[in-house]
Every structure is written in C-alpha cells, then in structure tokens.
Amino acid sequence: MSIELTVNGRPRRIDAPAHTLLVQALREQLQLTGTHVGCDTAQCGACTVLVDGRAIKSCNVLLAQVAGAQVTTIEGLAQPDGTLHPMQAAFKECHGLQCGFCTPGMVLSAVDLCRRHPQADAREIREQLEGNICRCTGYQNIVRAVQQAQAATAAAA
Ligand code: FES
Ligand code: FES
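Trainee: Teacher, can you tell me more about the overall build of the protein here?
Mentor: For the protein, the count of helices and strands is 5 helices and 5 strands. Each helix and strand of the protein, ordered N terminal to C terminal, gives the series β-β-α-β-β-β-α-α-α-α. The C-alpha atoms of the protein give 15 Å as radius of gyration, which agrees with the globular expectation for 157 residues (15 Å, within 12%). When its C-alpha atoms are laid out on the principal axes, the protein stretches across 45 × 30 × 25 Å. A burial count over the protein gives 43% of its 157 residues as buried. The long-range fraction of contacts in the protein, counting pairs at least 24 apart against all pairs at least 6 apart in sequence, stands at 56%. In the form shown here, the protein has an accessible surface area of approximately 8300 Å², with 49% of it arising from carbon and sulfur atoms. Of the side chains in the protein, 13 bear a positive and 13 a negative charge, and the two mean positions are spaced by 2 Å.

Trainee: Looking at this structure, how should I read the sheet that holds strand β5 (residues 70-72)?
Mentor: Sheet strands line up and pair through hydrogen bonds in the backbone, either parallel or antiparallel. An order of β2-β1-β5-β3-β4 is seen for the 5 strands of this open sheet, with the pairing classed as mixed. Two strands close off the open sheet at either side, each with one partner strand: β2 (10-15) and β4 (54-57). Adjacent strand axes in the sheet meet at a mean angle of 40°, parallel and antiparallel pairs treated alike. Strand direction decides the pairing type here: strand β3 (residues 48-51) and β5, joined by 2 bridges, are antiparallel. Within β5, the residue paired with Leu50 across the bridge is Thr72. Strands in contact with helix α3 (residues 103-116) are β3, β4 and β5; relative to β3, the strand with the most contacts, it is inclined by about 40°.

Parameters at a glance
- Residues numbered from 1 in each chain as written.
- Chains lettered and ligands numbered in written order.
- Predicted model: local features only at pLDDT ≥ 70, side-chain atom pairs only at ≥ 80, totals over all residues.
- Heavy atoms only, no water.
- Helix = DSSP H or I, 4+ residues; strand = E, 2+ residues; numbered from the N terminus.
- Rg over C-alpha atoms; globule rule 2.2 N^0.38 Å.
- Buried < 20%, exposed > 50% of the residue type's maximum accessible area, 1.4 Å probe, protein only.
- Contact = heavy atoms within 4.5 Å.
- Areas by Shrake-Rupley, 256 points an atom, 1.4 Å probe, with all protein chains shown as cover.
- Lys, Arg positive; Asp, Glu negative; His and termini not counted.
- Charge placed at Lys NZ, Arg CZ, Asp CG, Glu CD.
- Pairing = 2+ DSSP bridges.
- Axes fitted to C-alpha atoms, helices over the stretch in contact; angles between N-to-C directions.

Okay, structure coming up:
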C-alpha cells in the first residue's frame, strides 16, 4: 500500500502494510519520534498529532485513513527558524512539563483546544485535556501554560 500525505508541510509517500497505524508510520518510517507511545489502548494521549488541524490519537488511526491529509507533529510546530509556537513557549515559561513524555501530545491537544475554545476557562481546559494523561505535573502548570498561550494569541490577533 502506498499512501501520500503531507507531514509538517512536506509531501510524503509512505509504502506500508494496510494495517500500519499512523503512529507507526510517523515514528518508524519518518523517524518523527517526538510522537510518543504511552499505552496501547488509546487512553494516554502521548501519540496525539494534528490531522487537518484537529488533534487525534495517532495510535488509534490507520495510516490509510489519513491519505491526503495535512499532519502536524511536534517537530513541525515551531517556525522554520526555530521560533517556538506560542503554546510551546508557554509550556516552557510556565514549567508545564517535567519528564516531558506527555508533552508533545499535550501541546498539540492544547493547540487544537485553543483553536476550538479560545476563551476556555481553567475548568474547561482541564475537561478538554482529559484525554491526555500526565504523571508528573499535577496539571496546574499545564493549565497555566494554556491560559498564557490563549492570552498571547489574543494579544497578537
Ligand atoms: S499511545 Fe495513543 S493514546 Fe496512548
Ligand atoms: S511531564 Fe511527565 S508525564 Fe507529563
């Protein structure tokens, strides 16, 4: 099976068996290992990427299902010159991570959250991110980071 899609702005063709998961293709064929695997049950959210702007768990989607789509992984979120996306900058400044294992998926889920709910309050942010599990932070600084990114995005609009 040969699948064409765009990953981090770059057209890619991936030859893979029909049962290949998106996360496998990203990690094993494109070496985009910032997309993590924390479970095999679609619960942890560590594998979250953006598909046409929407956050999805890439361990729960076949590569074939995203043929023709625009996929963004954590490697593609910053500007080409290395300038961090506002959400990445906010996580860094607010100490929204410790070990970092959940962070790529958490950041991408948060980007989609802010697109869909730019004025979400702390309770809504927690609800919207409940599909992403963090074992380190207690979530407080993650919520602060999302709020800071919301404010930065609103100020830039
Ligand atoms: S690895 Fe996909 S949800 Fe855990
Ligand atoms: S920072 Fe360690 S799991 Fe979230």
